[in-house]
Amino acid sequence: MTFIIRPMVTEKMNRLTDKEKKYGFIVKPQANKMQIKAEIESLYKVSVTGISTMRYAGKNKSRYTRAGFTKGRTNAYKKAVVTLKDGDVIDFYSNI
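What comes next concerns the included structure. (Residues numbered from 1 in each chain as written. Predicted model: local features only at pLDDT ≥ 70, side-chain atom pairs only at ≥ 80, totals over all residues. Heavy atoms only, no water.)

## As for the sheet that holds strand β1 (residues 4–8)
Reasoning step 1: Across the sheet, 4 strands lie side by side as β1-β2-β6-β3; this open sheet has antiparallel pairing. The sheet terminates laterally at β1 and β3 (48–56), the two strands that pair on one side only. This sheet shows a mean twist of 30° between the axes of neighbouring strands, independent of strand direction.
Reasoning step 2: Here 6 bridges tie strand β2 (residues 22–27) to strand β6 (residues 77–84), and the two strands are oriented antiparallel to one another. Considered in β6, the bridge of V27 is made with K78.
Reasoning step 3: On top of the sheet, helix α1 (residues 11–20) reaches β1, β2 and β6; it is set at about 140° to β2, its chief contact.
Reasoning step 4: Set on the sheet, helix α2 (residues 33–44) makes contact with β1, β2, β3 and β6; between it and β3 the angle comes to about 125°. (Pairing = 2+ DSSP bridges. Helix = DSSP H or I, 4+ residues; strand = E, 2+ residues; numbered from the N terminus. Axes fitted to C-alpha atoms, helices over the stretch in contact; angles between N-to-C directions. Contact = heavy atoms within 4.5 Å.)

As structure tokens, then:
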């Protein structure tokens, strides 16, 4: 079973990657740190030294459009920030 949904490629995560060798991933909510570590090490062939996980709740959003007042909700998700061993690098852009 795969636990990683997608990597996070944002400006904030790029700064963390450049400074501290940390990479962000959106993972399934039921995934724990050991499962995330094992999957990242097998997928990217790197050594993981630390993992931080965060849960984000979905938020209610509303806006006024031409069609009228629209209500919605953003998705809830779990984020994992992974620290790699010195010298290891993950290249997200290699297979584009």
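So that's the structure; there's more coming.
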